[in-house]
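Descriptive structure summary
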Amino acid sequence: MTPQENEIHTGEESWWQAPYANLAAVREHCRTGVTSEGLKAILRWQDAEDLLKGDRFENEGLEFIERRGFRPGDALYEWRRHSIGALNGEDHRRIRSLVSRALTHRSVDGLRPRIREHARNLLQGSHAAGEIEVRASFAQRLPFLTITDFLGIELEEALAVAEKMGQGSADAFGPRVTQEIRDNANGAFAAMMEFVGELYENRRSEPREDLLTDLIQAEEGGDRLSHEELIVLFTNIFGGAIETTASVITSGLFELACHPKQAALLRSDPERWKHGATEEILRHRPGFYAVGKRATCAHEAYGLSFEEGESISILIGGPNRDPARWEDPDRFDITRDPRNWSLSFSMGEHFCLGQALARAEIEEAMQVFVTECVAIEVAEQPRWMPYVMVNRLESLLLRYGRTAS
């Protein structure tokens, strides 16, 4: 192969607007690729599944953000020390087991009526007919209101920290981090940690029937979450449940606007098609652009040689559109079998803890939007944010009409 054949052009801003043709070309000819940053990259479904389910790679820890310019004492760095996403082995298993029972499909299904109510109220607050900027007016607000309900946080409490957080804290995990991004992320994580620390003290003195109280009191085999672990975990749930889900909801409405026949099918029988629509949105437009791992030992895999500790990236858009797993993978089709899951929530030991809540929010958001709105179309061609971890449209202006009430 020539050096150009396996090159993934992540260093070019244009790549972020339409990455899938480049990923497909490299996947077809070279099995693995190399990003503009020099990272080895997995692109095929079978290789990604093998890597995530095996034990020769693990999640990256503090070195992941050290490469992005964060140092001890930075709010994000100190948060990362105890983040479940940066832990492996026994520490990861212990924390995951203590919280996993609270984040199940059964625990979030009771929220679905409230999610639909929030979604309708947000649409009622927009113009009766005309245009709506989806990301700010709908997609970001819905998961914020939902996670507030789920965690048992007072709305005033959550609004206070949301104002401090700003947007784009996940940008700090992308491939190109500027000092501005570092400053914004440190400010956001400091605000969230302070907020959760105050909640922690309140719940210790006045327990409630909510998730934070449950986590404070949780114990399994003599294990409890430490003060730092609990604050980081709750921060992870609160902050992580908003930005990525908002981005997927925005992407999903973009795809439905671009594919009116698919929107009409979902509108015709939402209960039948909303699950398939959500899984297709997650496959077609995953929330994260990549998953980072490191080798646990020196070995050879996927036609490559690895040193112990060497980093590798799974570019999710590659496996998620692998024709070996999906027929005509670039086609957006909500009738695909939803049991043929994608990599958008990862798999294996680090399978996303919040996936049940995210799926419920996306399903109900899509259902409410297409039943309340008709003739949905894109009013202005949107732009994807380049060089960031979350696959995020900068904004999405949709034109629509309202159904008869």
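To start, this report covers the structure provided alongside it. In this text, all values refer to a predicted model and were calculated from it rather than measured experimentally.

1. Observations regarding the overall build of the protein chain
- Looking only at helices and strands, the protein chain features 17 helices and 11 strands.
- Compactness check: the protein chain gives a C-alpha radius of gyration of 21 Å against a globular reference of 22 Å for 405 residues, within 12% of the reference.
- A total of 405 residues make up the protein chain; the buried ones form 56% of that total.
- Restricting to contacts in the protein chain with at least 6 residues of sequence separation, those with at least 24 account for 75%.
- When the accessible surface of the protein chain is split by element, carbon and sulfur atoms take 48% of a total near 17500 Å².

2. A few points about the state of the cysteines
- Counted under the stated rule, the structure contains 0 disulfides.
- The structure places no disulfide on Cys258, whose sulfur is separated from the nearest cysteine sulfur, that of Cys373, by 16 Å.

3. Here's the deal with helix H14 (residues 227-258)
- The end-to-end C-alpha distance of H14 is 47 Å, a good match for the 46 Å that 32 residues give at a rise of 1.5 Å each.
- Along H14, the helix axis deviates most sharply at Gly240, where the bend reaches about 30°.
- The buried fraction of H14 is high, at 27 of 32 residues.

4. So, the nonpolar core
- Core analysis: the largest hydrophobic core is formed by 74 residues, its most contacted members being Phe138, Leu253 and Phe369.
- When residues in this core are grouped by element, the largest group, 15 residues, is from H14.
- Ignoring sequence-local partners within four residues, the contact set of Phe369 consists of Leu123, Ile132, Val134, Phe138, Leu253, Ile376 and Leu398.
- Counting residues in each nonpolar core, the second largest holds 28 residues, with Ile8, Leu43, Ala290 and Leu315 among its members.

5. Here we look at the environment of Pro323
- Topologically, Pro323 is positioned in the loop between strand E9 (311-315) and helix H17 (355-372).
- Given a relative accessible area of 52%, Pro323 falls into the exposed group.
- Sequence-wise, Pro323 and Thr335 are 12 residues apart; in three dimensions their C-alpha atoms are separated by 17 Å.
- What Pro323 contacts, discounting residues up to four positions off in sequence, is Arg27 and Pro329.

6. Focus: the packing of aromatic side chains
- Evaluated as defined, the whole model comprises 12 aromatic pairs.
- Consider the rings of Trp15 and Trp16, whose centres lie 5.0 Å apart with planes at 80°: the pair is edge-to-face.
- Relative to Phe189, the ring of Trp79 has its centre 4.7 Å away and its plane inclined at 50°; by these criteria the two rings are tilted. Placement of Trp79 in helix H5 (residues 75-81) and of Phe189 in helix H12 (residues 179-205) is noted, with a sequence separation of 110 residues between them. Phe189 shares its class with Trp79; the two are buried.
- In textbook terms, an aromatic cluster arises when at least three aromatic residues are bridged by ring pairs, as seen for Trp15, Trp16, Tyr289 and Tyr387.
- The ring centre of Trp326 lies 5.5 Å from the NZ or CZ of Arg283, which sits over that ring.
- Its end group placed over the ring of Trp341, Arg325 keeps NZ or CZ at 5.2 Å from the ring centre.

What counts, and at which threshold
Residues numbered from 1 in each chain as written. Predicted model: local features only at pLDDT ≥ 70, side-chain atom pairs only at ≥ 80, totals over all residues. Heavy atoms only, no water. Helix = DSSP H or I, 4+ residues; strand = E, 2+ residues; numbered from the N terminus. Rg over C-alpha atoms; globule rule 2.2 N^0.38 Å. Buried < 20%, exposed > 50% of the residue type's maximum accessible area, 1.4 Å probe, protein only. Contact = heavy atoms within 4.5 Å. Areas by Shrake-Rupley, 256 points an atom, 1.4 Å probe, with all protein chains shown as cover. Disulfide = S-S within 2.5 Å. Expected span 1.5 Å × (residues − 1). Bend = angle between axes of the 7 residues up to and from the residue. Core = buried A, V, L, I, M, F, W, Y, C linked by side-chain atoms within 4.5 Å. Phe/Tyr/Trp six-rings, centres within 6.5 Å; stacked < 30°, edge-to-face > 60°. Lys NZ or Arg CZ within 6 Å of the ring centre and 35° of its normal.

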